[in-house]
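Fold and contact review
So you can see what is in the structure, the chains are spelled out below.
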Amino acid sequence: MKKIIFWTLALLLCINVNGQDVTKPNSKTKLLVYYFHITNRCNTCKSIEAAVKKTLETNFKNELAKGTIIFQTFNVDLPENKKLVDKYQAYGATLALTPIVKGKEAGIDDLTNFAFSKIHEEETFCKELKEKINSYIK
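Everything quoted here is computed from the prediction, not taken from an experiment. (Residues numbered from 1 in each chain as written. Predicted model: local features only at pLDDT ≥ 70, side-chain atom pairs only at ≥ 80, totals over all residues. Heavy atoms only, no water.)

1. Focus on helix α6 (residues 122-137)
Taking 1.5 Å per residue, 16 residues should reach 22 Å; α6 reaches 22 Å between its end C-alpha atoms and fits that length. Taken as a whole, α6 has its buried residues at F125, C126, L129, I133 and I137. Angularly, the buried residues of α6 cover 90° about the axis, an arc narrow enough to put them on a single face. In α6, those exposed residues whose orientation departs by more than 90 degrees from the buried face are E123, K127 and S135. Contacts from the buried residues of α6 go to β3 (31-37), α2 (43-59), α3 (61-66), β4 (69-75), β5 (94-101) and α5 (112-118). (Helix = DSSP H or I, 4+ residues; strand = E, 2+ residues; numbered from the N terminus. Expected span 1.5 Å × (residues − 1). Buried < 20%, exposed > 50% of the residue type's maximum accessible area, 1.4 Å probe, protein only. Arc of directions from axis to C-beta. Contact = heavy atoms within 4.5 Å.)

Listed below in structure tokens is the structure:
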């Protein structure tokens, strides 16, 4: 019973920071970074997600903590993600950046082709993704 209570509280803490849902933009949010994937993933798809996380955690740790950048992954095969999958036209592995301007989403920058073309050069991938993210949050 204690484990159930512990994990329930841990989950709520992950979802709720300072009374705000960290998966939704707040007044400080400038960028949404979404990575979509299918249930059965290849090594390349896993590598893209890992490189995105590495780039964010290495270069944008404070922005993630403050909610300036929100990073989330979604399984396109799960019915609860259908609305978002449709909105982003995610058909499998999809990397998308959505800038937030004056509290509203300002388009979708689909980086899927970039991700697949650069992931085998991880250093280049991370450098160019960092530059792209910086262009949105400054």
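2. Section: the packing of α2 against α6
Relative to each other, α2 and α6 sit at 55°, their axes nearing to 10 Å. The angle between α2 and α6 falls in the class oblique. Judged by the twist between their axes, the crossing of α2 over α6 is right-handed. Contact residues: I48, A51, V52, K54, T55, L56 and N59 in α2; E122, F125, C126, L129, K130 and I133 in α6. Its residues placed into classes, the contact of α2 with α6 shows eight nonpolar, two polar and three charged. (Axes fitted to C-alpha atoms, helices over the stretch in contact; angles between N-to-C directions. Parallel < 35°, antiparallel > 145°, perpendicular 65-115°, else oblique. Left-handed = near helix turned anticlockwise from the far one by under 90°. Nonpolar A, V, L, I, M, F, W, Y, C, P; charged D, E, K, R; others polar.)

3. Observations regarding the pattern of salt bridges
Side-chain pairs of opposite charge can arise where the charged atoms are in close proximity. This model, assessed by the stated rule, comprises eight salt bridges. A salt bridge links E122 to K54; the shortest N-O distance between them is 3.0 Å. On the criterion of sequence distance, the pair formed by E122 in helix α6 and K54 in helix α2 is long-range, its members being 68 residues apart. Each of R41, E49 and K53 takes part in one network of salt bridges that share partners. (Salt bridge = Lys/Arg side-chain N within 4 Å of Asp/Glu carboxyl O.)

4. Quick look at the pairing of β5
Burial of β5 is extensive: seven of the eight residues sit out of reach of the surface. Here β3 runs beside β5; their pairing, made up of six bridges, is antiparallel. Residue pairing across strands places Y35 opposite L95, the latter belonging to β5. Bridging between β5 and strand β7 (residues 109-110) involves two bridges; their strand directions are antiparallel. (Pairing = 2+ DSSP bridges.)

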